[in-house]
Amino acid sequence: MASQGAFPRLEDDLSGDRPENGAERRSRKGQIISSERVEIRSRTPLIILLFLPIAVIALTRTLLGASLPSITATHWSDSARPDGFADSAVFFTASMTFAILGGLVAWASLYLTRKPLVLLGLLFVGSLMAWTTAGVYVSSSVPTALAGDPTQAVAGPWIFASIAATLVSLVPVWICGVFQQYQLNRQNKRRDRLAKVQAKRQAATVKAPPAAEIAPGDEFSETMNAPGWLWLLGLFMAGMGIFMIFMSTTEGGDIVSFIMGIAFIVLLTPLVLGLARIRVTVAGGRLRVSSALLGFPLRTIEVKDMESVLAEEIQPMEWGGWGWRFFPGGSAVVLRRHEGLAVELKDKRRFAVTIPCSEQAAAQLNALIAQGR
């Protein structure tokens with residue numbers, strides 16, 4: 001059985017290693033700075049998305065025409081009536097300015113191909129600025145024009161325009177492909193260094209006997225528990241759901257609290273507690289990750305779709321964080337820093353899952369991959 005000790009930490013033995021090809025250098029703090037260029041994918045759709053908020057604002061103002069009063073309601077608090085207002089002309093000018101500025105910042109970031117983290121940061125900030133501004137303008141101007149009187153404007157469903165615009169602002173970061181390339185390059189370099197470290201250690205120690213050969217027909221099944229805080233979070237969500245339902249039944253309660261309470265109990269609590277204990281199986285020509293408590297599937301991958309599988313230490317921050325994560329170019333189920341499987345798919349996407357005995361699972365999957373070729 002493989003243990004986590006089979007996956008040494010790089011920091012223990014890499015203090016003297018330096019790249020030979022000049023692909024990277026280190027800052028004064030010892031942080032790795034990559035000098036490799038990344039490729040911007042989907043450039044034309046990307047640029048359209050970055051400057052589309054400007055057209056959204058201009059088109060909204062054109063369609064509203066004279067129906068938009070000279071004053072626009074811009075803020076709603078707890079009450080249904082607005083409590084913040086702005087001159088319509090000033091509001092339009094400011095919105096266009098912020099949308100243009102955001103688009104230009106995001107567009108300029110596309111030329112920083114040697115600094116992928118800076119590129120991603122500026123791209124996100126610029127896109128968020130442009131799309132959030134467009135969403136706020138639409139969700140403020142349209143209700144005002146429909147009411148005729150800004151003091152009687154009701155945000156209603158138009159608030160979802162602002163939420164939708166904020167979500168759209170994430171699309172440029174997702175489709176540009178920079179994050180995928182940066183993370184893949186970083187992980188490949190880490191694997192190369194880890195291989196060097198392991199080679200040094202093996203040369204200095206007695207060689208272990210070879211592992212038993214694993215036949216493709218064998219099955220693999222292991223479970224893993226999440227840290228205690230994830231269990232507590234699930235229980236907290238269940239308690240919040242019960243509390244909101246109780247408050248909705250008391251005097252002055254509302255239907256929104258009741259619906260949110262139901263959502264907490266029926267959707268969020270099972271999802272969180274379902275991740276508190278997972279099961280990874282290799283059987284029937286596929287890798288399956290599911291909840292060991294509730295049984296719902298998290299990810300199923302056919303062996304025919306796999307390019308390669310590695311058993312390595314999975315670091316949460318290299319795979320999007322803790323829990324069930326989705327990120328540009330892949331997904332992961334990461335419960336803690338632990339050994340696990342890193343799967344490279346034929347469509348260039350990636351998947352990772354933390355699980356004990358990962359070397360056994362990787363050997364099983366690689367045997368199946370080789371059998372299918």
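Residues numbered from 1 in each chain as written. Predicted model: local features only at pLDDT ≥ 70, side-chain atom pairs only at ≥ 80, totals over all residues. Heavy atoms only, no water.

### Looking at a nonpolar patch on the surface
A surface patch of nonpolar side chains, amounting to about 970 Å² of accessible area, comprises Ile-242, Ile-255, Val-256, Phe-258, Ile-259, Met-260, Ile-262, Ile-265, Val-266, Leu-267 and Leu-268. Among the elements that take part in the nonpolar patch, helix 8 (residues 255-274) stands out by supplying ten residues, more than any other. Looking at the element boundaries, Ile-265 is found in helix 8. For Ile-265, a relative accessible area of 32% translates into the label partly exposed. (Patch = residues over 30% accessible without salt bridge, like charges linked within 9 Å, V, L, I, M, F, W, Y side chains within 5 Å. Areas by Shrake-Rupley, 256 points an atom, 1.4 Å probe, with all protein chains shown as cover. Salt bridge = Lys/Arg side-chain N within 4 Å of Asp/Glu carboxyl O. Helix = DSSP H or I, 4+ residues; strand = E, 2+ residues; numbered from the N terminus. Buried < 20%, exposed > 50% of the residue type's maximum accessible area, 1.4 Å probe, protein only.)

### Describing the environment of Leu-167
Within the fold, Leu-167 resides in helix 4 (residues 159-168). A sequence separation of 39 residues divides Leu-167 from Leu-128, and the C-alpha atoms of the two residues are 8.7 Å apart.

### Structural notes on the side chain of Thr-144
Its place among the elements puts Thr-144 in helix 3 (residues 116-147). For Thr-144, a relative accessible area of 0% translates into the label buried. In this structure, Thr-144 is in contact with Leu-68, Pro-69, Ile-71, Thr-72, Ala-73, Asp-149, Pro-150 and Ala-153, ignoring residues within four places of it in sequence. (Contact = heavy atoms within 4.5 Å.)

### Some remarks on helix 2 (residues 88-109)
Over its 22 residues, helix 2 runs 32 Å from end to end, which matches the ideal 32 Å to within 8%, given 1.5 Å per residue. Those residues of helix 2 lying buried are Ser-88, Phe-91, Ser-95, Met-96, Ala-99, Gly-102, Gly-103, Ala-106 and Ser-109. Burial along helix 2 is one-sided: seen end-on, the buried residues are contained in an arc of 160°. In this structure, the buried residues of helix 2 make contact with helix 1 (43-64), strand 3 (71-76), strand 4 (82-87) and helix 3. With a side-chain oxygen positioned 3.0 Å from the backbone nitrogen of Ala-89, the residue opening helix 2 is Asp-87. (Expected span 1.5 Å × (residues − 1). Arc of directions from axis to C-beta. Polar contact = N/O pair within 3.5 Å; in protein donor to acceptor, adjacent residues only side chain to side chain.)

### Section: the side chain of Ser-95
Looking at the secondary structure, you find Ser-95 in helix 2. Accessibility expressed as a relative area gives 4% for Ser-95, which makes it buried. Ser-95 has contacts with Ile-57, Thr-133 and Tyr-137, leaving out every residue within four places of it along the chain.

### Topic: the sheet that holds strand 5 (residues 220-225)
An order of 5-6-7-8 is seen for the four strands of this open sheet, with the pairing classed as antiparallel. The open sheet has two edge strands with one neighbour each: strand 5 and strand 8 (297-302). On average, each strand axis in the sheet is tilted by 10° relative to the strand beside it, whichever way the strands run. One ladder, built from six bridges, connects strand 5 with strand 6 (residues 277-283); its direction is antiparallel. Its bridge partner being in strand 6, Thr-223 is matched across the sheet by Arg-279. (Pairing = 2+ DSSP bridges. Axes fitted to C-alpha atoms, helices over the stretch in contact; angles between N-to-C directions.)

### So, the sheet that holds strand 10 (residues 323-327)
Taken together, the five strands give an open sheet; going across it, the order is 9-12-13-11-10, and neighbouring strands pair in mixed fashion. For this open sheet the edge positions go to strand 9 (306-314) and strand 10, each flanked by a neighbour on one side alone. Along the sheet, successive strands turn relative to each other by an average axial angle of 15°, direction set aside. Bridge analysis of strand 12 (residues 338-345) against strand 13 (residues 350-354) gives five bridges, and the strand direction is antiparallel. Residue pairing across strands places Ala-342 opposite Ala-352, the latter belonging to strand 13. Where helix 9 (residues 358-372) meets the sheet, its contacts fall on strand 9 and strand 12, and the angle it forms with strand 9 comes to roughly 170°.

### Some remarks on unusual backbone geometry
The phi torsion at Ser-42 lies on the positive side, around 50°, for a residue other than glycine. The residue Ser-42 is located in the loop between strand 2 (32-34) and helix 1 in this model. Taking relative accessible area as the criterion, Ser-42 reaches 39% and is therefore assigned partly exposed. Positive phi, normally seen in glycine, also occurs at Cys-357, with a value near 55°. If you trace the backbone, Cys-357 turns up in the loop between strand 13 and helix 9.

### Looking at the confidence of the model for the chain
On average, residues of the chain score 82 in pLDDT, and 81% of them are at 70 or above. Element-level pLDDT for the chain is lowest in strand 2, with a mean of 46, against a maximum mean of 95 in helix 2. Here residues 8-34 scores under 50 on pLDDT; set against residues more than four positions off or in separate chains, the count is 39 contacts. Low confidence marks residues 204-212, where pLDDT is under 50. Its contacts with residues over four positions away, or in another chain, come to zero contacts. (pLDDT = per-residue confidence, 0-100.)

### A few points about the pairing of strand 10
As paired strands, strand 10 and strand 11 (residues 330-334) are joined by five bridges and run antiparallel to one another. If you follow Trp-324 over to strand 11, its bridge partner there is Val-333. Linking strand 10 back to strand 11 in an antiparallel pair, the connection comprises two residues, with Gly-329 at a positive phi of about 90°.

### Brief notes about the packing of helix 3 against helix 4
Two numbers describe how helix 3 lies on helix 4: the axes approach to 8 Å, and their chain directions differ by 170°. Taken together, helix 3 and helix 4 sit at an angle that is classed as roughly antiparallel. Residues Leu-128, Trp-131, Thr-132, Gly-135, Val-136, Val-138 and Ser-139 of helix 3 touch helix 4, and the partners they reach there are Ile-159, Ala-161, Ser-162, Ala-165, Thr-166 and Val-168. Looking at the contact of helix 3 with helix 4 residue by residue, the classes come out as eight nonpolar, five polar and no charged. (Parallel < 35°, antiparallel > 145°, perpendicular 65-115°, else oblique. Nonpolar A, V, L, I, M, F, W, Y, C, P; charged D, E, K, R; others polar.)

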